[in-house]
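If you want the building blocks of each chain, they are given just below.
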Amino acid sequence: MINMKFFITAILLSLLFLSGCGTQKSIDLTPTSTSKTGVPAWYTNPPASTDTILYAVGEAQNKDEAIKNALNNMASTLSVSIASQFDSKELVQEGVRSSYQSTVSNKIQSDVKKLRMSNYEVLNSKGFGFRRHMVLIKSDKQKLFDSLKNELDQKFAFIDKQKETVERYNAIKQLSIYNKAKNDIADVPNTLIIMNVLNKNFDSKDYVNRVEAVNSDYDKLLSSITFGIEGDPESSALIAPIGQGLSARNLQIQYNTGEKHFIITIASKINKARAYGFMIARAAIYIMVRDYRGSIIGSNKLNIVGQSTQGYNVAKENVAIKLNEMIKKDGISKVIGLEL
């Protein structure tokens with residue numbers, strides 16, 4: 001009996017010991033699991049940007065998106081720097097145009113965010129769970145400056161190459177080439193401001209002069225081009241909308257001669273119909289643009305349906321109204337079939 005009691009007591013003590021060990025083991029695991037979810041210090045407290053280096057962090061569902069967000073944050077940091085250093089910046093050019101002046105504003109800051117920040121390095125990257133990723137990136141200011149300068153040099157080199165061959169074409173084609181060049185360099189002044197922030201020793205005068213030269217060449221050519229507009233009796237109401245569309249592009253309507261004068265001819269075939277109480281004018285409109293030698297350099301065909309409850313003449317007037325709306329929506333170039 002004594003042996004049996006001793007045996008039972010020994011078993012109970014063993015169970016208590018094993019139970020105690022199991023409890024102690026579960027307590028030790030808890031702090032280990034929570035420590036693995038901590039956000040790294042490089043993300044919560046990233047390095048501060050310096051005079052030569054920009055730093056930024058980003059977070060997203062994957063690494064690529066996190067880098068994009070970090071680049072946007074870097075651009076925002078750069079825009080703040082611009083706002084503080086160039087609150088009122090003038091880039092002056094004495095010449096055909098008086099000067100270029102830009103007050104740093106939300107527009108410039110938004111332009112900074114559109115920069116292609118291609119020169120960067122991912123310093124740290126870490127994934128958290130299924131859809132969370134964090135990165136720390138840096139960019140060298142001088143390398144960013146060099147990339148912007150290289151882009152400007154390539155842009156102007158291309159424009160210079162086109163200007164060498166522009167005389168081969170008629171005045172409208174020349175205007176189109178200059179207009180494209182003008183649009184391509186529209187953001188150059190803001191880029192120059194950014195480059196001045198990145199490199200305080202940068203002299204932007206040469207680039208300002210080149211921008212002014214392109215704008216001047218475009219304006220000079222634009223002022224020398226004239227258009228005449230002709231139409232058959234059915235198209236008489238359509239002449240005014242075409243003329244207004246050209247005038248909106250600062251093109252002159254004059255009956256002139258010479259290599260820079262062009263004639264727009266409008267011919268219409270209109271079918272008369274009636275439906276559901278409406279008088280309908282179905283117009284097939286043919287537009288042709290000729291140069292001073294009579295060669296067709298642009299053309300288009302439009303089908304417009306005018307309608308009115310007040311008679312056929314009002315329905316024809318409705319065709320002119322719809323043509324005017326079409327020009328405002330699509331542009332005069334598309335309507336007359338000529339790239340301006």
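Keep in mind it's a predicted model, so treat the numbers as computed, not measured. (Residues numbered from 1 in each chain as written. Predicted model: local features only at pLDDT ≥ 70, side-chain atom pairs only at ≥ 80, totals over all residues. Heavy atoms only, no water.)

Time to look at the sheet that holds strand β9 (residues 278–290). Spatially, five strands are ordered β7-β6-β8-β9-β10 in an open sheet, and the strand pairing comes out mixed. Edge positions in the open sheet fall to β7 (252–253) and β10 (296–308), since each of these has one partner strand only. Taken together, the 12 bridges between β9 and β10 define a ladder with antiparallel strand orientation. Along β10, the bridge assignment pairs Ala283 with Ile304. (Pairing = 2+ DSSP bridges. Helix = DSSP H or I, 4+ residues; strand = E, 2+ residues; numbered from the N terminus.)

Where helix α9 (residues 239–248) meets helix α10 (residues 312–330), the closest approach of the two axes is 9 Å, and the angle between their N-to-C directions is 15°. Judged by the angle between their axes, α9 and α10 are roughly parallel. For the pair α9 and α10, the sense of crossing is right-handed. Between α9 and α10, the residues in contact are Pro241, Ile242, Gln244 and Gly245 and Ala320, Leu323, Asn324 and Ile327, respectively. (Axes fitted to C-alpha atoms, helices over the stretch in contact; angles between N-to-C directions. Parallel < 35°, antiparallel > 145°, perpendicular 65-115°, else oblique. Left-handed = near helix turned anticlockwise from the far one by under 90°. Contact = heavy atoms within 4.5 Å.)

Another point: the packing of aromatic side chains. Using the criterion set out here, one finds five aromatic pairs in the structure. On the numbers, 6.3 Å between centres and 85° between planes, the contact of Trp42 with Tyr43 is edge-to-face. In this pair, the class of Trp42 matches that of Tyr43, namely buried. Taking 5.8 Å as the distance between ring centres and 35° as the angle between the ring planes, the aromatic pair formed by Phe227 and Phe262 counts as tilted. (Phe/Tyr/Trp six-rings, centres within 6.5 Å; stacked < 30°, edge-to-face > 60°. Buried < 20%, exposed > 50% of the residue type's maximum accessible area, 1.4 Å probe, protein only.)

Our focus in this paragraph is the pairing of strand β6 (residues 226–231). Pairing geometry for β6 and β7, over two bridges, is parallel. Bridging from a neighbouring strand, Thr226 pairs with Gln252 of β7. Between the parallel pair β6 and β7, the chain is carried across by α9, and the sense of this crossover is right-handed. Pairing of β6 with strand β8 (residues 261–275) involves six bridges; the strand directions are parallel. Residue pairing in the sheet places Phe227 in a bridge with Phe262 of β8. (Right-handed = clockwise from strand over helix to strand, strands pointing away.)

Here the focus is the packing of helix α5 (residues 141–165) against helix α8 (residues 205–224). In contact at an axis separation of 12 Å, α5 and α8 are set at 35° when each is read in the N-to-C sense. As α5 packs across α8, the resulting crossing turns out to be left-handed. In contact with Lys149, Leu152, Asp153, Phe156, Ala157, Ile159, Asp160 and Lys163 of α5, α8 contributes Tyr207, Arg210, Val211, Val214 and Asp217. Per-class residue counts for the contact of α5 with α8 are seven nonpolar, no polar and six charged. (Nonpolar A, V, L, I, M, F, W, Y, C, P; charged D, E, K, R; others polar.)

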